[in-house]
Amino acid sequence: QVQLVESGGGLVQAGGSLRLSCAASGSIFSINAMGWYRQAPGKQRELVASITSGGSANYATSVKGRFTISRDNTKNTVYLQMSSLKPEDTAVYYCNADVRPTPWNTPITYWGQGTQVTVSS
């Protein structure tokens, strides 16, 4: 019943900015950690950034200082503000969330469908 819907991907020039959004909807009591991953062609999917329910963030070293992850718990939404984009940031970006449908259920991890981010030189 939980769906994660992403938006904000697209084509941008190097040095530019994009903001990705991912909104969770459905049967949700609470959401624990949320995160953004990316997968470039021929590479493994990697963690870009994650954020706890309390707002503690973690970043990959390659994006630290350029990307900012945030969340709005009232909207069940996680954001990724990307600045100073580089061509090597080009990838499909996926959001995920650990969701509790009820207070006593085991959290379940859900994934978004992915959104393409392309950074041109």
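The sections below set out a description of the structure shown in this document. (Residues numbered from 1 in each chain as written. Predicted model: local features only at pLDDT ≥ 70, side-chain atom pairs only at ≥ 80, totals over all residues. Heavy atoms only, no water.)

Considering the overall build of the protein
Convention followed: Here a helix means four or more residues in a row that DSSP labels H or I, a strand means two or more in a row labelled E, and each is numbered from the N terminus. A radius of gyration in this sense is built from C-alpha atoms; the matching globule rule multiplies 2.2 Å by the number of residues raised to 0.38.
Secondary structure assignment for the protein yields zero helices and 11 strands. In sequence order, the protein lays out its α and β elements as β-β-β-β-β-β-β-β-β-β-β. Scaling as 2.2 N^0.38, a compact globule of 121 residues should have a C-alpha radius of gyration of about 14 Å, and the protein matches this with 14 Å. Overall, the C-alpha framework of the protein stretches about 50 × 25 × 25 Å when taken along its three principal axes.

Some remarks on the pairing of strand S7 (residues 67-72)
What counts, and what does not: Only protein chains enter the calculation, and the probe is 1.4 Å; a residue is then buried if its accessible area is under 20% of its type maximum, exposed if over 50%, and partly exposed in between. In this scheme, strands are said to pair when DSSP sees at least two bridges between them.
Burial of S7 is one-sided: the residues Phe67, Ile69 and Arg71 facing one way are buried, the residues Thr68, Ser70 and Asp72 facing the other way are not. Pairing between S7 and strand S8 (residues 77-82): six bridges, direction antiparallel. Note on S8: the bridge partner recorded for Phe67 is Met82. Taking the residues that link successive antiparallel strands as the turn, the S7-S8 hairpin has four residues, and the phi of Asn76 there is positive, at about 50°.

Focus: the sheet that holds S7
The criterion, for reference: Structural elements are reduced to axes, namely lines fitted to C-alpha atoms, with helices fitted over the stretch in contact, and the angle between N-to-C directions of any two is expressed from 0 to 180 degrees.
Spatial ordering of the open sheet is given by S1-S3-S8-S7, a layout of four strands whose pairing is antiparallel. At either end of the open sheet lies a strand with only one pairing partner, and these are strand S1 (3-7) and S7. Taken over all neighbouring pairs, the strand axes of this sheet differ in orientation by 15° on average, direction set aside.

Let's talk about the pattern of salt bridges
For the record, the criterion: Salt-bridge detection follows one rule: a side-chain nitrogen of Lys or Arg within 4 Å of a carboxyl oxygen of Asp or Glu.
If you walk through the whole model with that rule in mind, you get three salt bridges. Here Asp89 makes a salt bridge to Arg66, at a shortest N to O gap of 2.8 Å. Of this pair, Asp89 sits in the loop between S8 and strand S9 (91-100) while Arg66 sits in the loop between strand S6 (57-59) and S7, and the two are 23 residues apart along the sequence. Given the relative accessible area of 1%, Asp89 is considered buried. The network of salt bridges with common partners includes Arg38, Glu46, Arg66 and Asp89.

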